[in-house]
4 protein chains.
Amino acid sequence: MNRSLLRAATRSFARPSTAARRYASSGVFNWEDPLAAAELFTEEELAIQDTARQYCQDRLMPRVLEAYRKEDYDRRILEEMGELGLLGASIEGYGCAGASTVASGLINKEVERVDSGYRSGMSVQSSLAMTGIYEFGTEEQKQRWLPDLAKGKLSGCFGLTEPNHGSDPGSMETVAREHPTQKGMYLLSGSKTWITNSPICDLALVWAKLESTGKIKGFIVERERCPPGTFETPVLKNKNGLRASITGMIQMDGCPVPAENMFPDVEGLTGPFTCLNSARLGIAFGSMGALEDCIARAREYSLERKQFKGNPLAKYQLVQKKLADAATDAAYGTLAATQVARLKDAGKATPEMISMIKRQNCDRALTGSRILQEIFGGNAASDEYHIGRHVSNLFVVQTYEGQSDIHGLILGRAITGVQAFV
Amino acid sequence: MNRSLLRAATRSFARPSTAARRYASSGVFNWEDPLAAAELFTEEELAIQDTARQYCQDRLMPRVLEAYRKEDYDRRILEEMGELGLLGASIEGYGCAGASTVASGLINKEVERVDSGYRSGMSVQSSLAMTGIYEFGTEEQKQRWLPDLAKGKLSGCFGLTEPNHGSDPGSMETVAREHPTQKGMYLLSGSKTWITNSPICDLALVWAKLESTGKIKGFIVERERCPPGTFETPVLKNKNGLRASITGMIQMDGCPVPAENMFPDVEGLTGPFTCLNSARLGIAFGSMGALEDCIARAREYSLERKQFKGNPLAKYQLVQKKLADAATDAAYGTLAATQVARLKDAGKATPEMISMIKRQNCDRALTGSRILQEIFGGNAASDEYHIGRHVSNLFVVQTYEGQSDIHGLILGRAITGVQAFV
Amino acid sequence: MNRSLLRAATRSFARPSTAARRYASSGVFNWEDPLAAAELFTEEELAIQDTARQYCQDRLMPRVLEAYRKEDYDRRILEEMGELGLLGASIEGYGCAGASTVASGLINKEVERVDSGYRSGMSVQSSLAMTGIYEFGTEEQKQRWLPDLAKGKLSGCFGLTEPNHGSDPGSMETVAREHPTQKGMYLLSGSKTWITNSPICDLALVWAKLESTGKIKGFIVERERCPPGTFETPVLKNKNGLRASITGMIQMDGCPVPAENMFPDVEGLTGPFTCLNSARLGIAFGSMGALEDCIARAREYSLERKQFKGNPLAKYQLVQKKLADAATDAAYGTLAATQVARLKDAGKATPEMISMIKRQNCDRALTGSRILQEIFGGNAASDEYHIGRHVSNLFVVQTYEGQSDIHGLILGRAITGVQAFV
Amino acid sequence: MNRSLLRAATRSFARPSTAARRYASSGVFNWEDPLAAAELFTEEELAIQDTARQYCQDRLMPRVLEAYRKEDYDRRILEEMGELGLLGASIEGYGCAGASTVASGLINKEVERVDSGYRSGMSVQSSLAMTGIYEFGTEEQKQRWLPDLAKGKLSGCFGLTEPNHGSDPGSMETVAREHPTQKGMYLLSGSKTWITNSPICDLALVWAKLESTGKIKGFIVERERCPPGTFETPVLKNKNGLRASITGMIQMDGCPVPAENMFPDVEGLTGPFTCLNSARLGIAFGSMGALEDCIARAREYSLERKQFKGNPLAKYQLVQKKLADAATDAAYGTLAATQVARLKDAGKATPEMISMIKRQNCDRALTGSRILQEIFGGNAASDEYHIGRHVSNLFVVQTYEGQSDIHGLILGRAITGVQAFV
């Protein structure tokens, strides 16, 4: 996004959260932002959030139900997001908005307020593919791919996880061999799984062990340059959650990648972990958006649904406690994510901080959504109340990019100095 | 079921749990039955459980995945269950097995070990429709319908819940008016929702308020005798759980029911609550079957899946704790359900006891399944691991036939003598 | 106890729980026994429970507050219990009652209904010291000590845990050396800690490694035969819980024990673990007694305390939920403990079963007592409401004789076949 | 405090948290401040925190164990705190430091890191008595009492809660009658209970209903002016927690208070609730201090204590999870409290925000301390590990100044617009 575009977009949109911010300013409690996190955001960040929210509510919300039912991700969404400057929003240059990490987090929050799958589709493009290229690519690589990725004209994916190595990517089996005859060419072989957007990707950022050194290196695989049978991306269907996103495998069998598509300097897990940390920070924001949507829907339902002498469910103590607990978690989680995003922009964030907020916000979003789902009683079974979709999504979100327990052990190690993985 | 059939079936089947029982007998810990509940069952009860288990694993398990994906319930299942004597198994006479309440509970457990939706389809037939007719019907009504319901030739459903009255059925709006001209005929009007099996039912046990008295009465509605437009049962699609069962509404608009199809004596909520209590007791058993399946699957996965230096997940303390917690809940819940079933057969069970075990076993099954799901990490998203299906089902199971909080308030009232619904 | 004494005692006492049993018999819900566990007990067991309850409420309840405040255990309690036959109640012969394991469990429940510390004082005498001698002692050892221990004339303690080896007793450092000159005499050296009753013990059942073999053996140390400085039992004061029991260390420095005081055959951890399993089974019952007392007190408080327009706290949904949850856990835990006690008498109980019920019942009793404590609001801070005492006690009870996590890992190992202690 | 004094104190003290701040600045994870909250504090705030911490660790820590054991609060502590400027620190003028609300919160955190009772003793002086006079007193009242209260020469207490009206102070029974003969004089009668510092108070800020209007008014009762028998403050002993603070009743029987000791303008619950909100904000900080102390102690214990093949407890996954969870809650809670403190200084805080952070931080501190206590196993029973004291304290802290459920219902009302108290 160039900033002027953003501004234009913003001006033409109503700003739904203005009222909310006014309340906080005058010391009135706003259930949508109980601890007035909006006070911590700049005008630009709030404008970007508004742009994102408007788009998400207007354009994504109407299609999510069908997309989820049919496991059908609309490829055009990336282009729409690209037009608004929502992709790679915190990258400077290369057609990106150069917004703050907080702004980028707020975009994630707005997208995930609609659906975690839509946020996943955006995350893989922005935080994994684009961040990888931006952080580790040569200037040429950046110039070549970032602008089209930012516009959503190209779709990128990120191949790290393997079928037998989920929480422990260092044991990966995918290998990059030098071509026996063609100099400056690598042949990639191996399988990656649970890869968001792989079936529709134009580019895949694939991590593989260099045969000669045994060290992990990053490669940008261009689908169009792969001969048939060397790069296959079968769809994984019948998922329990994130059904509005598309997920697949990457099966590589001697897939040729020129040396100029390799990241020159980064080696080992530093590369993928940098990307994952960027994505995890986005998830810490995004999960709070999903939880907030659950709160808003449960609150509305509790006010409309009447049982026992015409009282709204909202009048029951057990219902109020569920709302209070979830609202507290959403408020706390937003503050914590904002703090780490600010620290990141100040060069002071650490991976453990990101582990903490990814873990906690996902855990609390999942727990909160489940508890709020109880308010809907039997009606929760209907997907038209949306809460069941959030619940199913949030379980996957808690699980991917570091399952809760794994991040717990990362924190445990950071606290005690002793590792307990084995 | 006539007993001889059951015996025959039993003899010809391997008995998979024999080994389990032998272990317990010699004082060896059996993780599938940690507190040796099998010691509490008679030989007949164990034989019935074996019959049910064999059928469920052989015939239901292979089709559940597709059924769940497509929300497609196979009507023939009722007939298959009928052939084995699994329907209305605790009813004496009328072609039913006359087994103990424990035996009936164990059938529920085995069916729900495969899928809560299949158990729901059976419960509505056995505990709701058949129990209603058996407990409150005239001898003529019993003779007329129970044998074919027991065989699964007729399919029954149970119309109590209305769109605006979930937890508070006493406020129902469905009404039965005397026909203006036809003596001995009632016209039923109103809507029922979340009715398992309604779209495929031949008979619907419908509860309605008699216009003349305002008292709730039970009517057996025969679909084939209803003129077009008076009795419609549209399917409710796109459910979040129980997708292997079929659910619908019942929309009645002057649906004619002869007086001889009304239960003569029962009035008010006694009728439906008696049926619900029977179903709830079955759910208390059934939910433990689903939880046990989750334990078995998580255990197996944890032994096969290796991460970090080739250790199976089973070696990790955090994984072991999840398994230990869930196994404890399954063992405790089975004992409690068995106790109440025995008390019921001795005429000593109370509705509050059933509230307690329905609530607790559903709560713990849901919690346990969710925690065990974490063991599967990202792979949990694939429906082929089955655990996600149980998780989604068990949420609905916790919700229907008395949501957890409602049963909590029933218990609270029983403990304190003070009601807190309003 | 000889049985006739028990009977006599029983006859002369009112039976407070008769009414409760009558309710259950007629199918009325009894909040004190929600799942009618009393139906599982024999007349004799119920009579023993009544005897114990009467004694505990009449004689222990009035002194517990002062005892707890001053950390002052009254040594005469053992004699009083001995007179009633409550000590070593499940031992056959040697002046013991020869009651069932269930009866013994119910005694534990009644004592712990008053205070976990009083139950601890009894457990160490019955389950640890007496069970050890009964199971592993020679006939001569049994004849010599069991009758006086049963009467409470002698006080025994159990020395296993060491300062540096809590959860892992196999690493104990206490050693038994053969006397350099006196044949048939051992010299014990080492420290034991957190030993209930050690400061007032006449006998200490001490586990030590035989220097010559490195194997753990059990010794009955008679205090009166120990020269000054060889056997010291300093009191441990200022405990956070179990303050109505007395706890100390055992410090041995060349403490002489004749070979005839050694258990001849048992070796390794089999000996102490057998005793601990007996004690743990008692704890599984006892903790439910403490929880039931918390329920009764919280219920009473909630009915008497009025807030907001004169409503009793019992009318609030959040209060009712706490009571319902705790009552459920007490009912389930009692059933599970009963099942394992029955299995034990049938020779079918396993240590893992005991781990399961010790862990779960302690966990739930602790959690339940804490949640019920909230009902008392600020008044909970006063010890006169007793609930704070239970809370503090139950934490220790959850911790000793196998902390919850340790039993969780024992279960995890039993379920998976993989150990995760290291 | 005058600021120069504070500065002097600061300069002469080592600053223990400097290293911690440096880590955060360079992007190194600091387990004592995982989300780098220190980045949000000004230099002055950090200096004040250091002063407080130094005092608390040097002067309070050494006496807390005996104080707690003996329920013996040292009156001189108020003077010591006064000397350092820690009392009423956020009040401008009248000898107070005029520090920010964050600074005041950090003082609370440091005091409660040692003991919640010490923090309570300070809170009642600062947030309740001094804040009340500062917010609602006449200029003359402020001049007369605030300086000596700030120095700790006078001790104040706060009489709101009555024996029969804990969560619902609006129903108070204490009454202020005009003196029948002496004009300008009121006679106060009634009882207040659970009043921190009442037995040692010189002044009591008492809330009573004016007989003539039925409206609640605030009175400053001066003990020295009360004839014998009109103002008694008996100590409440044998508390379960907060034993290092002193608690009592206030029994007034025609206690004479001149009209000039009444707050002129404030009426109803606005007065006491303003004070309580100030105290609650302090508790939101303070409870995090107690939790952080539990974390530090549990961490240290887990590193020193070795079990099973010489591994420190810190190596066990189940232990690491406890530490990670608690550290997360401490970090989140500190951020949230800081946010609300900043909002308060900006005039944007609302009572519901304070309800949220008081509730959540107390809940999480209590839960965290209990879970960490498990790491100590049996040794937790010894008060020398301090964790048991925190656990007992934090239960009371969760309960007073609005029990968790009450704040939950306040939030529920704010979220839904429906009240559920009755």
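Below is a summary of the structure that appears in this document. (Residues numbered from 1 in each chain as written. Chains lettered and ligands numbered in written order. Predicted model: local features only at pLDDT ≥ 70, side-chain atom pairs only at ≥ 80, totals over all residues. Heavy atoms only, no water.)

Let's shift gears to the interface of chain B and chain A. On the chain A side, the residues contacting the 42 residues of chain B number 42 residues. Across the interface of chain B and chain A, roughly 3,800 Å² is buried in total on both sides, 53% from carbon and sulfur atoms. We note a salt bridge from lysine 322 of chain B to aspartate 405 of chain A, for which the minimum N-O separation is 2.7 Å. Across the chain B-chain A interface, the total number found is 21 residue pairs in polar contact (both at pLDDT 80 or more). Elements supplying a minimum of two residues to the side of chain B that touches chain A: strand S10 (306–307), helix H9 (317–345), helix H10 (351–375), helix H11 (387–399) and helix H12 (404–416) of chain B. When its residues are assigned to classes, the side of chain B that touches chain A shows 13 nonpolar, 17 polar and 12 charged. (Contact = heavy atoms within 4.5 Å. Buried area = accessible area lost by both parts, 1.4 Å probe. Salt bridge = Lys/Arg side-chain N within 4 Å of Asp/Glu carboxyl O. Polar contact = N/O pair within 3.5 Å; in protein donor to acceptor, adjacent residues only side chain to side chain. Helix = DSSP H or I, 4+ residues; strand = E, 2+ residues; numbered from the N terminus. Nonpolar A, V, L, I, M, F, W, Y, C, P; charged D, E, K, R; others polar.)

With that out of the way, let us pick up the relation of the copies chain A and chain D. Its rotation angle being 180°, the transformation that places chain A on chain D also includes 0.0 Å of axial translation and leaves an RMSD of 0.0 Å. Put plainly, the chains are arranged around a two-fold axis. Residue by residue, 98% of the interface of chain A is reproduced at the interface of chain D, so both copies engage with the same surface. (Least-squares fit on C-alpha atoms with pLDDT ≥ 70 in both.)

Within the structure shown, the criterion is met by 120 salt bridges over all chains. Two residues, lysine 70 of chain A and glutamate 66 of chain A, come together in a salt bridge whose shortest N-O distance is 3.0 Å. Separated by four residues within a single helix, lysine 70 of chain A and glutamate 66 of chain A lie in helix H3 (residues 43–70), roughly one turn from each other. Here arginine 53 of chain B ties to glutamate 110 of chain B by a salt bridge, and the two come within 3.8 Å at their closest N and O atoms. Taken together, the residues arginine 53 of chain B in helix H3 (residues 43–70) and glutamate 110 of chain B in helix H5 (residues 101–114) connect sequence positions 57 residues apart. One network of salt bridges, with partners in common, ties together Arg53, Lys109, Glu110, Arg113 and Glu292 of chain A.

Another point: the interface of chain A and chain D. Contact residues are listed per partner, giving 58 residues for chain A and 58 residues for chain D. When chain A packs against chain D, close to 4,900 Å² is buried across both sides, 64% of that on carbon and sulfur atoms. Three residues, Phe29, Tyr332 and Ile415 of chain A, lead the burial of chain A against chain D; their summed loss comes to 16% of the area buried on that side. Our count for the chain A to chain D interface comes out at four salt bridges. The residue glutamate 39 of chain D makes a salt bridge to lysine 348 of chain A at a minimum N-O spacing of 2.8 Å. The tally of links between chain A and chain D comes to 20 residue pairs in polar contact (both at pLDDT 80 or more). Elements represented by at least two residues in the side of chain A that touches chain D include exactly helix H2 (18–25), helix H8 (270–304), helix H9 (317–345), helix H10 (351–373) and helix H12 (404–416) of chain A. In terms of residue count, H9 of chain A provides more of the side of chain A that touches chain D than any other element does, 17 residues in total. Here the residues of the side of chain A that touches chain D are counted per class, giving 32 nonpolar, 16 polar and 10 charged.

Relative to the elements of secondary structure, glutamine 360 of chain C occurs in helix H10 (residues 351–373). Since its relative accessible area comes to 11%, glutamine 360 of chain C is described here as buried. Residues within four places of glutamine 360 of chain C in sequence aside, it is in contact with Thr328, Asp329 and Tyr332 of chain B. (Buried < 20%, exposed > 50% of the residue type's maximum accessible area, 1.4 Å probe, protein only.)

Turning next to helix H11 (residues 387–399) of chain A. Residue and element names in this part refer to chain A. Taking 1.5 Å of rise per residue, the 13 residues of H11 would be expected to cover 18 Å, and the 19 Å separating its terminal C-alpha atoms lies within 8% of that figure. Within H11, 13 of the 13 residues are buried, which leaves it mostly tucked inside the rest of the structure. In the segment just after H11, glutamate 401 is the residue with positive phi, at about 55°. (Expected span 1.5 Å × (residues − 1).)

Another point: the packing of aromatic side chains. If you walk through the whole model with that rule in mind, you get 36 aromatic pairs over all chains. Measuring from ring centre to ring centre gives 6.3 Å for phenylalanine 136 of chain C and phenylalanine 263 of chain C, while their planes differ by 45°; the resulting arrangement is tilted. Taken together, the residues span a long stretch of sequence, with phenylalanine 136 of chain C in helix H6 (residues 116–136) and phenylalanine 263 of chain C in the loop between strand S9 (247–258) and helix H8 (270–304) at a distance of 127 residues. Judged by relative accessible area, which is 0%, phenylalanine 263 of chain C ranks as buried. Three or more aromatic residues joined by ring pairs make a cluster, and in this case those are Phe136, Phe158, Trp207 and Phe263 of chain A. One cation-aromatic arrangement involves lysine 142 of chain B over tyrosine 134 of chain B; the distance from NZ or CZ to the ring centre is 5.1 Å. The ring of tyrosine 68 of chain C has arginine 243 of chain C sitting right over it, with the charged end atom 5.8 Å from the ring centre. (Phe/Tyr/Trp six-rings, centres within 6.5 Å; stacked < 30°, edge-to-face > 60°. Lys NZ or Arg CZ within 6 Å of the ring centre and 35° of its normal.)

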